2 protein chains.
Amino acid sequence: MYTNNQHLMKVKDRDVLLHFGLATAKDNFEDMFGDVKFVCSGGSMNRMKSLAALISKELNISSELCNLCSTDRYVLYKVGPVLTVSHGMGMPSTTIMLHEIIKLLQYAKCKDVKFFRIGTCGGLSLEPGTLIVTGTAVDYKFEPVFEQQILGKIVSTSTTFDKDLAKELLLCKDDSEKFEMVIGNTMSTNDFYEGQARLDGAFCDYTEEDKMKYLHAAYDAGVKNIEMEALCIASMMNRAGMSAAVLCVSLLDRLKGDEAATSTKDLNDWQKRPLTIVTRYIKSKLEK
Amino acid sequence: MYTNNQHLMKVKDRDVLLHFGLATAKDNFEDMFGDVKFVCSGGSMNRMKSLAALISKELNISSELCNLCSTDRYVLYKVGPVLTVSHGMGMPSTTIMLHEIIKLLQYAKCKDVKFFRIGTCGGLSLEPGTLIVTGTAVDYKFEPVFEQQILGKIVSTSTTFDKDLAKELLLCKDDSEKFEMVIGNTMSTNDFYEGQARLDGAFCDYTEEDKMKYLHAAYDAGVKNIEMEALCIASMMNRAGMSAAVLCVSLLDRLKGDEAATSTKDLNDWQKRPLTIVTRYIKSKLEK
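Please read all numbers here as calculations on a predicted model, not as lab measurements. (Residues numbered from 1 in each chain as written. Chains lettered and ligands numbered in written order. Predicted model: local features only at pLDDT ≥ 70, side-chain atom pairs only at ≥ 80, totals over all residues. Heavy atoms only, no water.)

Can you lay out helix α3 (residues 45-58) of chain A for me, pointing to particular residues and giving the numbers?
Residue and element names in this part refer to chain A. Its 14 residues give α3 an end-to-end C-alpha distance of 20 Å, which sits within 8% of 20 Å, the value for a rise of 1.5 Å per residue. Along α3, the residues that are buried comprise Met 45, Arg 47, Met 48, Leu 51, Ala 52, Ile 55 and Ser 56. Among the structural elements, β3 (38-42), β4 (76-79), β5 (82-86), β6 (114-123) and α8 (264-287) are those in contact with the buried residues of α3. Capping the start of α3, Ser 44 holds a side-chain oxygen 3.3 Å from the backbone nitrogen of Asn 46, two or three residues further along. Remark: Asn 60 follows α3 within two positions and exhibits a positive phi of approximately 60 degrees. (Helix = DSSP H or I, 4+ residues; strand = E, 2+ residues; numbered from the N terminus. Expected span 1.5 Å × (residues − 1). Buried < 20%, exposed > 50% of the residue type's maximum accessible area, 1.4 Å probe, protein only. Contact = heavy atoms within 4.5 Å. Polar contact = N/O pair within 3.5 Å; in protein donor to acceptor, adjacent residues only side chain to side chain.)

Spelled out as structure tokens, the structure:
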């Protein structure tokens, strides 16, 4: 059981997953999704399609890639026991997807599902290209809580991830692969520019010194990387009792600048790293 | 001048609008965008393409619709003096777009640009299909402030919209059109389910009574409709000194339920209403 929301029991035969364009009255969720064991998510729609293609190849499952999402809000692909789903940018977009994917898995009666977010980030004092697996997600004050605004009040939930899963993922890196992979705390923000102390947004009412002080304080508090979604994923997956991991490749060292200074080819290669690790993890689990 | 960020002066010849895939070093912003007078934005990529097509037809500008955004994060279409750009769902996704669109307009040396968000919402005690133009955007506590998390602190900015523009838009409705159009306060939330007091998310730790109490309190505080972006648009457009308006059509009365109970045809027709009004406004301005 991923949710014990009693209100859903009343509407489960006529529930609409509005942003996916799926509905229990017209779609047989058990037939469509009953065998799902892994959900992989990322911001970019294209990357989720590429991941589905990679998984199809690696798992040797020939399937025509068909987007099961009938709206243009997200994309949703299924390859054997793996779903790939986009989440857009930021936590509000991600929570909508999570609410609907948790309901989808519940209605499909899936069990023991693992959830992965695959993305990019800015690192703190890490070589660009490093892959960071989130140990604990923290907010803008470096606190391990997701503060939701519900009925006019703040409701806080904890944001630790499954430590065993993170360690298992670390073991999926091949020694021949020439990049670092570490477990560390991830700060999730609500904006890419001012929220991440960049100087190059449309607005910037702080100095470069203020910026560096904040980023160093984050580093001193144990933050290894900065992105925009891990916090709500940890919170909601904890509430659902689902094991989850966030793997992000760092495109730049934020202690050295605001923009990635690497060739497009390198950036594209780096972005494949979390996809490769997660695919290898899934393959190893299915071969057992 | 839409921004006086001094840091940008240093990087303006090599600035990258990362999420649009545009860069001042390779794209001539003045040539490409110098004549822009109106920016229309909405969550859905498809709707922004439809809007560009509608404007092309209504303004009698024959143009092949070409997405100028080279990433899959947003879409960006230009039809004469009008840009249409998607913003995804939620304020973090929207602020990224706004930072980059403000920089784009600044680099292109545009002047007197007006900004519109066109979307859908839930109404409070309004007939579904009603079009609401936001007077003031408010947060989950019904306060007219956008609280940004910057360098570990909360920075609050005001969220009123241009009242004259809102009134002008109201005059664009034709008397023969059989729907209501009102100016009212809009509440922007960070989640569609728990954040908007819905009972049908994956989780719901409150009762139907709690929900109704909160929605009635919102109504009593002057909130006419609920969506997920107006608050940050008001704040950032105020900071930029750009005139802006948010027009959302209500798909349901939240005091009566959580899901729209209308035919797909009606929903599709209703969603055209804000597009029609904004197109008519733009046409009237260009004919002067």
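Lay out the relation of the copies chain A and chain B with the relevant residues and their values.
Of the transformation superimposing chain A on chain B, the axial component is 0.0 Å and the angular component is 180 degrees, with the fit at an RMSD of 0.0 Å. Expressed as a symmetry operation, the mapping of one chain copy onto the other fits a two-fold axis. When the interface residues of chain A are mapped onto chain B, 100% of them are again interface residues, pointing to one common binding face. (Least-squares fit on C-alpha atoms with pLDDT ≥ 70 in both.)

Before we move on, can you summarise the UniProt feature "domain: Nucleoside phosphorylase" (unreviewed entry) in chain A with the specific residues and values?
Mapped onto this numbering, the UniProt entry gives "domain: Nucleoside phosphorylase" (unreviewed entry) at residues 38-283 of chain A. Within the segment residues 38-283 of chain A, helix and strand shares are 34% and 28% respectively, and the terminal C-alpha atoms sit 11 Å apart. (UniProt positions renumbered as here; feature names shortened; annotations may be inferred.)

Explain the nonpolar core to me, and be specific about the residues and the numbers.
One finds Phe20(B), Ile101(B), Ile102(B) and Leu104(B) to be the most contacted residues of the largest nonpolar core, which totals 53 residues. Of all the elements in the fold, those that place two or more residues in this core are α1 (6-11), α2 (29-33), β5 (82-86), α4 (91-107), β6 (114-123), β7 (131-138), α7 (230-240) and β12 (243-253) of chain B. With 9 residues, α4(B) is the single largest residue contributor to this core. The contact partners of Leu104(B), leaving out residues within four places of it in the chain, are Leu17(B), Phe20(B), Leu22(B), Phe29(B), Phe33(B), Leu76(B) and Leu83(B). In terms of nonpolar packing, the next biggest core, distinct from the first, is built from 52 residues, Phe20(A), Val39(A), Val113(A) and Met237(A) among them. (Core = buried A, V, L, I, M, F, W, Y, C linked by side-chain atoms within 4.5 Å.)

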